[in-house]
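Structural overview
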Amino acid sequence: MRGQPRRRDPGIPLPLLVPAVAAVTFLVLPLVALLIRTPWSDLATQLTLPGVGQALRLSLLSASLATAVSLVLGVPLAWVLARSRIRGRGVLRALVTVPLVLPPVVGGVALFLVLGRQGILGRWLDETFGLTIPFTTTAVVIAETFVAMPFLVISVEGALRAADARYEEAAATLGADRWTTFRRVTLPLVAPGIAAGAVLCWARALGEFGATITFAGNFPGTTQTMPLAVYLALQRDPESAIVLSVVLLAVSLATLLALRGRWLGRAGAAP
Amino acid sequence: MSLDAAVRVQRGVLHVELDVHVEDGEVLAVLGPNGAGKSSLLRVLAGLLPPDGGRVEVDGEPWDDVAAGVHLPAHRRRLGMVFQDHLLFPHLTVTDNVAFGLRTRGAGRRESRAAAREWLARVELAEFGSRRPGELSGGQAQRVALARALAGEPALLLLDEPLSALDARTRLTVRAELRRHLGDFPGSTVLVTHDPVDAMALADRVLVVEEGRVVQAGPPGEVARRPRTDYVARLVGLSLLAGAGEGATVRLDGGGRVAVAEPASGSVFVAVRPESVALWPDPPHGSPRNVWPVRLVGATPHGATVRCELDGEVPLLADVTAAAFAELGLAPGAELWASVKASEVAVYER
């Protein structure tokens with residue numbers, strides 16, 4: 001602290017400063033620990049172990065598929081929530097956001113009740129098509145989509161609400177029906193918001209654990225994603241758990257950087 | 001071919017009830033203060049706001065008919081609309097913006113772009129086709145918006161405060177250009193504005209709207225010379241007084257008398273131009289027959305002159321030169337005498 005105040009910051013009150021510092025420490029320290037304990041020397045060998053590559057590939061694939069499904073289904077849903085005047089929109093939004101607050105394990109159980117062999121839809125699928133969903137890679141994608149899609153819906157809805165709806169009116173006066181307007185005007189205008197939502201959704205899907213292990217199980221090669229592999233490894237070989245964790249941390253940080261660019265760069269649809 | 005509309009729409013506490021008829025090639029200006037219902041009228045005509053009652057008919061084709069349950073959505077109306085802040089699509093090039101309406105109506109990409117370039121040439125922006133709207137000045141953007149609205153060869157052109165977002169100098173050039181294009185446009189045009197200069201310069205006919213109703217209609221010159229409401233009078237810078245004609249004088253409703261050159265009878269309006277009012281520190285002698293004691297209540301610079309707001313038996317506006325203003329030592333509350341020649345007073349039926 002300087003004696004001569006020169007455009008000095010008014011300062012942070014002590015009762016706020018101390019907890020804030022504690023919070024930062026609390027959030028950062030585990031990550032630091034992770035990096036300190038990483039066996040950097042044999043990182044390469046650990047990473048090339050067959051199980052690691054398999055889990056990583058499966059994770060990336062299933063998270064990307066879950067994001068694709070979320071985009072196809074979630075963007076239209078976001079439009080309905082933001083633009084249509086249907087009744088019960090508030091209830092609809094509440095229903096959509098339930099998976100956000102629901103413990104993922106509960107989500108997994110619920111999915112099981114619908115799509116399990118004895119489930120409402122599952123039994124019919126099994127009897128008619130001989131399709132069994134639980135404990136397959138499809139189940140992984142479904143579990144991840146269930147948990148991650150609301151993130152996309154909420155963020156795209158926000159982008160739609162923030163976008164100037166008068167552009168859509170201008171399009172209507174130029175002969176564009178609502179579908180054409182959506183494709184040629186709305187979608188390009190909210191593209192940054194959709195991208196941000198997709199990244200958020202993808203990151204959430206990548207980290208999914210509870211719903212996946214409940215609904216899809218933990219089978220290496222078909223349903224064992226990175227988080228599951230990390231958990232399992234921790235019981236047997238803590239060192240490889242650390243390596244897997246560092247990989248996930250790297251992927252998360254890359255995601256954050258991508259988001260930061262979107263959010264701080266051209267967040268809106270301004271020309 | 002023409003626009004024929006009777007629009008009834010409720011916007012909060014405002015009940016809009018406007019009947020509008022515009023011939024082909026005619027430009028109708030709807031002039032009124034903010035919140036008078038002008039924009040609601042335009043949005044109904046555009047199909048963006050379903051009316052609560054009435055009908056809209058263009059070239060004999062019903063676009064809205066509440067009684068018959070007809071409502072043509074905006075995208076199926078043959079119209080072009082120019083918005084106050086242009087609303088060019090920021091993600092499309094200027095050419096693609098102008099081509100947008102042609103593409104949605106089924107024309108191919110190449111032919112739409114060719115037509116769009118032609119329209120850009122007409123608004124003298126041919127070389128700006130590959131730019132984004134964000135790279136244009138306000139005036140250029142508004143000209144592109146005009147080209148975009150006209151490119152679809154609409155039956156009805158709607159202009160929503162098209163010049164009010166522009167700075168004064170740009171407004172002048174864009175207004176001149178707009179005037180030229182409106183002259184060439186074969187369909188009906190409805191221009192909504194709160195600027196009387198726009199209405200005077202661009203319109204064949206003016207509809208003055210206040211609180212959802214038409215308060216005056218007529219050719220621009222007529223409206224400017226003979227305002228019928230205080231709002232219009234203020235807009236065109238006249239003092240408007242209501243009274244009863246008694247031959248060579250008019251007895252004002254608010255008290256006081258005005259001598260007029262033409263004999264008048266019955267209910268009349270008296271309009272006085274601020275520049276024809278002279279101010280004196282003492283009662284003047286001689287020719288002017290209209291002399292009233294007044295009190296200065298406000299003064300605002302108005303070009304090279306000062307516009308003085310005068311209160312008294314006969315409330316008036318007076319324009320005096322800055323020098324005269326200083327010489328008279330005028331301050332709010334000053335007691336003065338105002339005089340106007342009878343020949344300078346316009347009198348017309350109420």
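Keep in mind it's a predicted model, so treat the numbers as computed, not measured.

All names here are of chain B. An order of β2-β1-β4-β5-β6 is seen for the 5 strands of this open sheet, with the pairing classed as antiparallel. Looking at the sheet topology across the chains shown, the edges are occupied by β2 (14–23) and β6 (70–71). Looking at chain direction, strand β4 (residues 53–58) and strand β5 (residues 61–65) are connected through 4 bridges and run antiparallel. Along β5, the bridge assignment pairs Val 58 with Glu 61. In the packing of helix α1 (residues 38–46) onto the sheet, the strands contacted are β1 (2–11), β2, β4 and β5, and the crossing angle to β1 comes to about 120 degrees.

What follows concerns the pairing of strand β18 (residues 335–340) of chain B. Moving residue by residue along a regular strand, the side chains alternate between the two faces of the sheet. Residues and elements named next belong to chain B. Examined bridge by bridge, strand β14 (residues 278–280) and β18 share 3 bridges and lie antiparallel to one another. Following the sheet pairing, Leu 279 is matched in β18 by Ala 338. The sheet contact formed by strand β15 (residues 290–302) and β18 spans 6 bridges and is antiparallel. Within β18, the residue paired with Val 294 across the bridge is Leu 336.

For the rest of this paragraph, the subject is the domain arrangement of chain B. All names here are of chain B. Examined at the domain level, chain B breaks down into domain 1 (2–228) and domain 2 (237–349). Between domain 1 and domain 2, the C-alpha centre-to-centre distance is 39 Å. Of the roughly 510 Å² buried between domain 1 and domain 2, counting both surfaces, carbon and sulfur atoms make up 57%. The interface formed by domain 1 and domain 2 contains 0 salt bridges. Connecting domain 1 to domain 2 are 2 residue pairs in polar contact (both at pLDDT 80 or more). Among the residues making up the side of domain 1 that touches domain 2, the classes are represented as 2 nonpolar, no polar and 3 charged.

Time to look at the side chain of Arg77(B). All names here are of chain B. With respect to the element layout, Arg 77 can be found in the loop between β6 and β7 (79–82). Within the structure, Arg 77 has its side chain in polar contact with the backbone oxygen of Leu 45 (distance 2.9 Å). Not counting residues within four places of it along the chain, the set of residues in contact with Arg 77 comprises Val 44, Leu 45, Ala 46, Gly 47, Trp 63, Asp 64, His 71, Leu 72 and Arg 105.

Here we come to the interface of chain A and chain B. Interface size is often expressed as the accessible area that is lost when the parts come together. Contact with chain A, which involves 19 residues of that partner, is made by 21 residues of chain B. When chain A packs against chain B, close to 1,900 Å² is buried across both sides, 68% of that on carbon and sulfur atoms. For chain A, the biggest contributors to the area lost against chain B are Thr173(A), Leu174(A) and Arg184(A); these three give 38% of the whole. Where chain A packs against chain B, one counts 6 residue pairs in polar contact (both at pLDDT 80 or more). Contributing elements (two or more residues each) for the side of chain A that touches chain B: α8 (166–173) and α9 (178–206) of chain A.

A word on the packing of aromatic side chains. Inspection of the entire model under this criterion finds 10 aromatic pairs over all chains. Seen from their ring centres, Phe209(A) and Tyr231(A) are 5.5 Å apart, and the 70 degrees between their planes marks the pair as edge-to-face. In this pair, Phe209(A) sits in the loop between α9 and α10 (210–215) while Tyr231(A) sits in helix α11 (residues 226–236), placing the two residues 22 residues apart along the sequence. Residue classification places Phe209(A) among the partly exposed residues on the basis of a relative accessible area of 27%. What makes Tyr231(A) partly exposed here is its relative accessible area of 45%. Arg122(B) extends its terminal NZ or CZ atom over the ring of Trp119(B), reaching a point 4.1 Å from the ring centre. Directly above the aromatic system of Phe89(B) lies the positively charged group of Arg148(B), at a separation of 4.8 Å from the ring centroid.

This part is about the pattern of salt bridges. Within the structure shown, the criterion is met by 29 salt bridges over all chains. Among the salt bridges present, the one from Arg93(A) reaches Glu157(A), with a minimum N-O distance of 2.8 Å. You can see Arg93(A) sitting in helix α4 (residues 89–101) and its partner Glu157(A) sitting in helix α7 (residues 137–162), a full 64 residues away along the chain. Across the pair Glu26(B) and Arg205(B) runs a salt bridge, and its minimum N-O distance is 2.8 Å. Residue Glu26(B) is found in the loop between β2 and β3 (27–31), and its partner Arg205(B) is found in strand β10 (residues 205–210); the two are separated by 179 residues along the sequence. For Glu26(B), a relative accessible area of 13% translates into the label buried. Using a relative accessible area of 24% as the deciding quantity, one classes Arg205(B) as partly exposed. Where salt bridges share partners, they join Arg8(B), Glu17(B), Asp19(B) and Arg213(B) into one cluster.

All names here are of chain B. Taken in spatial order, the 6 strands of this open sheet run β7-β8-β9-β3-β10-β11, and their pairing is mixed. Strands with a single pairing partner mark the edges of an open sheet, and in this sheet they are β7 and β11 (213–218). The sheet shows a mean angle of 20 degrees between the axes of neighbouring strands, taken without regard to direction. Here α1 sits on the sheet and contacts β3, β7, β8 (156–160) and β9 (188–193); the angle it forms with β8, its principal contact strand, is near 150 degrees.

The next point concerns the environment of Gly12(B). Residues and elements named next belong to chain B. With respect to the helices, strands and loops of the structure, Gly 12 is situated in the loop between β1 and β2. When its relative accessible area of 67% is taken as the criterion, Gly 12 is described as exposed. When the C-alpha positions of Gly 12 and Asp 204 are compared, they lie 32 Å apart, and in sequence the two are 192 residues distant.

What counts as what
Residues numbered from 1 in each chain as written. Chains lettered and ligands numbered in written order. Predicted model: local features only at pLDDT ≥ 70, side-chain atom pairs only at ≥ 80, totals over all residues. Heavy atoms only, no water. Pairing = 2+ DSSP bridges. Helix = DSSP H or I, 4+ residues; strand = E, 2+ residues; numbered from the N terminus. Contact = heavy atoms within 4.5 Å. Axes fitted to C-alpha atoms, helices over the stretch in contact; angles between N-to-C directions. Domains from an automatic or database assignment. Buried area = accessible area lost by both parts, 1.4 Å probe. Salt bridge = Lys/Arg side-chain N within 4 Å of Asp/Glu carboxyl O. Polar contact = N/O pair within 3.5 Å; in protein donor to acceptor, adjacent residues only side chain to side chain. Nonpolar A, V, L, I, M, F, W, Y, C, P; charged D, E, K, R; others polar. Phe/Tyr/Trp six-rings, centres within 6.5 Å; stacked < 30°, edge-to-face > 60°. Buried < 20%, exposed > 50% of the residue type's maximum accessible area, 1.4 Å probe, protein only. Lys NZ or Arg CZ within 6 Å of the ring centre and 35° of its normal.

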